[in-house]
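Structural features, examined
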Amino acid sequence: GAGVSQSPSNKVTEKGKDVELRCDPISGHTALYWYRQSLGQGLEFLIYFQGNSAPDKSGLPSDRFSAERTGGSVSTLTIQRTQQEDSAVYLCASSPFYEQYFGPGTRLTVT
Amino acid sequence: GESVGLHLPTLSVQEGDNSIINCAYSNSASDYFIWYKQESGKGPQFIIDIRSNMDKRQGQRVTVLLNKTVKHLSLQIAATQPGDSAVYFCAECPSGAGSYQLTFGKGTKLSVIP
């Protein structure tokens, strides 16, 4: 069956530009997570959506970061006025319960 | 604050030998644990999980051990193969947290020497 997909797989942008990253979760999974992973590092939690509840935004590093999930399915992570320190792999995961299923990630490079 | 951590950031193992990857956790309220494997350029992939009412669980070539007394989790890989080379993360889920969010450790890189 189809897993979690993310697009684009790679994104190169200039400093100061806005970017949108997309996540298509596994159908029926009520929870969706965004993480950031810098090179050789662990997973940094960004935001969590669960059903129709208000999202947990406690991991967003600044107000330049925002995310939405439409219709309980597709999610987009938006980074405004990108900075070089935003360069990382952005991972999305969906979950029916405890276990999280990850997408392949979007590698963002800010030049 | 409480966190999940790993004893060894890197581990090199000869092909065919057994590997042991360790993880220390400090949140005594955690009741569910997962090990993930992340190959280069890919997202983390579920390997095996264990609940706090168990101390051992076996999968195919992998075994997870949980020692709640010392808050220690380990992943054992039998007859390690080159395809096992990856970064391994442990993750914990505290009970009563109101959600099923996982807290991930920093990861251990396993390198298999052919």
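In case you missed it, the structure is sitting above this.
Residues numbered from 1 in each chain as written. Chains lettered and ligands numbered in written order. Predicted model: local features only at pLDDT ≥ 70, side-chain atom pairs only at ≥ 80, totals over all residues. Heavy atoms only, no water.

**Observations concerning unusual backbone geometry**
Worth spelling out the cut-off: Labels follow the DSSP assignment, with helices taken as runs of H or I lasting at least four residues and strands as runs of E lasting at least two, numbered in each case from the N terminus.
The omega angle of the peptide bond from S7(A) to P8(A) is -10°, so this bond is cis rather than trans. Along the chain, the position of P8(A) falls in the loop between β1 (5–7) and β2 (10–13). Phi is positive for A79(B), close to 45°, though the residue is something other than glycine. Its place among the elements puts A79(B) in the loop between β8 (72–77) and β9 (86–94).

**A few points about the sheet that holds β1(A)**
Residue and element names in this part refer to chain A. Operational definition: A pair of strands is treated as paired once DSSP finds two or more bridges between them. Under this scheme, a helix contributes an axis fitted over its contacting stretch, all axes are lines through C-alpha atoms, and angles between N-to-C directions fall in the 0 to 180 degree range.
On the basis of which strands lie adjacent, the open sheet formed by four strands has the order β1-β3-β7-β6 and antiparallel pairing. This sheet does not close on itself; its edge strands, each paired only once, are β1 and β6 (65–69). The sheet shows a mean angle of 15° between the axes of neighbouring strands, taken without regard to direction. The sheet contact formed by strand β3 (residues 19–24) and strand β7 (residues 75–79) spans five bridges and is antiparallel. Within β7, the position partnered with L21 by the bridge is L77.

**Side note on the state of the cysteines**
As used in these notes, a disulfide is a covalent bond between sulfur atoms, one from each of two cysteines. Put simply, the rule reads: When the sulfur atoms of two cysteines come within 2.5 Å, that pair is taken as a disulfide. Burial classes follow relative accessibility: with a 1.4 Å probe on protein chains only, a residue under 20% of its type's maximum area counts as buried, one over 50% as exposed, and anything between as partly exposed.
What the rule picks out here adds up to two disulfides over all chains. Put simply, C23(A) and C92(A) are joined by a disulfide, and their sulfur atoms are 1.8 Å apart. Here the disulfide of C23(A) and C92(A) is left-handed, its torsion about the S-S bond being about -60°. On the criterion of sequence distance, the pair formed by C23(A) in strand β3 and C92(A) in strand β8 (residues 88–95) is long-range, its members being 69 residues apart. Of the two residues examined, C23(A) and C92(A), each falls in the buried class. Linked covalently through their sulfurs, C23(B) and C90(B) form a disulfide whose S-S length is 1.9 Å.

**What about the interface of chain B and chain A?**
Operational definition: Residues count as neighbours in contact if any of their non-hydrogen atoms are within 4.5 Å of one another. The term buried area denotes the loss of accessible surface (1.4 Å probe radius) that occurs when two parts are joined, taken as the sum for both partners. The term salt bridge refers to a pairing of a side-chain nitrogen on Lys or Arg with a carboxyl oxygen on Asp or Glu at a separation within 4 Å. Identification of polar contacts relies on pairs of N or O atoms within 3.5 Å, with a donor-acceptor requirement for protein atoms, meaning one able to donate a hydrogen and the other able to accept it, and with residues adjacent in sequence counted only if both atoms are side-chain atoms.
Counting residues at the interface gives 19 residues for chain B, matched by 17 residues for chain A. Between chain B and chain A, a total of about 1,500 Å² is buried, with carbon and sulfur atoms accounting for 58% of that surface. Area buried by chain B at its contact with chain A is led by Y100(B), Q101(B) and F104(B), which between them contribute 39% of it. At the boundary of chain B and chain A, one finds zero salt bridges. Linking chain B to chain A there are two residue pairs in polar contact (both at pLDDT 80 or more). Sorting the residues of the side of chain B that touches chain A by element identifies β4 (30–38), β5 (45–51) and β9 of chain B as the ones contributing at least two each.

**Details of the side chain of R69(A)**
Residue and element names in this part refer to chain A. Put simply, the rule reads: In this tally Asp and Glu are treated as negative and Lys and Arg as positive; neither His nor the chain ends contributes.
In this fold, R69 is placed in strand β6. In this structure, R69 is buried with no salt-bridge partner, the nearest side chain bearing the opposite charge being D24 at 9.8 Å. Beyond its immediate chain neighbours, meaning those up to four positions away, R69 contacts P25, H29, T30, A31, L32, F49, V74 and S75.

**Remarks on the pairing of strand β2 (residues 10–14) of chain B**
Residue and element names in this part refer to chain B. With burial as the criterion, only one face of β2 is covered, namely that bearing L11 and V13; the residues T10, S12 and Q14 on the opposite face remain uncovered. Looking at chain direction, β2 and strand β11 (residues 108–113) are connected through five bridges and run parallel. Bridged to T10 within β11 is K109.

**Observations regarding the packing of aromatic side chains**
Here a ring pair, both rings aromatic, is described through the centre-centre distance and the interplanar angle of the planes. What counts, and what does not: Centre distance within 6.5 Å is the pairing criterion for rings of Phe, Tyr and Trp, where only the six-membered ring of Trp is used; planes under 30 degrees apart are then read as stacked, over 60 as edge-to-face, and the remainder as tilted.
Tallying each qualifying case throughout the model produces 10 aromatic pairs over all chains. Relative to F104(B), the ring of Y35(A) has its centre 5.4 Å away and its plane inclined at 85°; by these criteria the two rings are edge-to-face. Of this pair, Y35(A) sits in strand β4 (residues 31–37) while F104(B) sits in strand β10 (residues 103–104), on two different chains. Ring centres 6.5 Å apart and planes at 85° place the aromatic pair Y36(B) and F46(B) in the edge-to-face group. One end of the pair, Y36(B), is in strand β4; the other, F46(B), is in strand β5, with 10 residues separating them in the sequence. Since its relative accessible area comes to 0%, Y36(B) is described here as buried. Note on F46(B): relative accessible area 28%, which makes it partly exposed. Taken together, the ring pairs connect Y33(A), Y35(A), F45(A), Y48(A), F102(A), Y36(B), F46(B) and F104(B) into an aromatic cluster.

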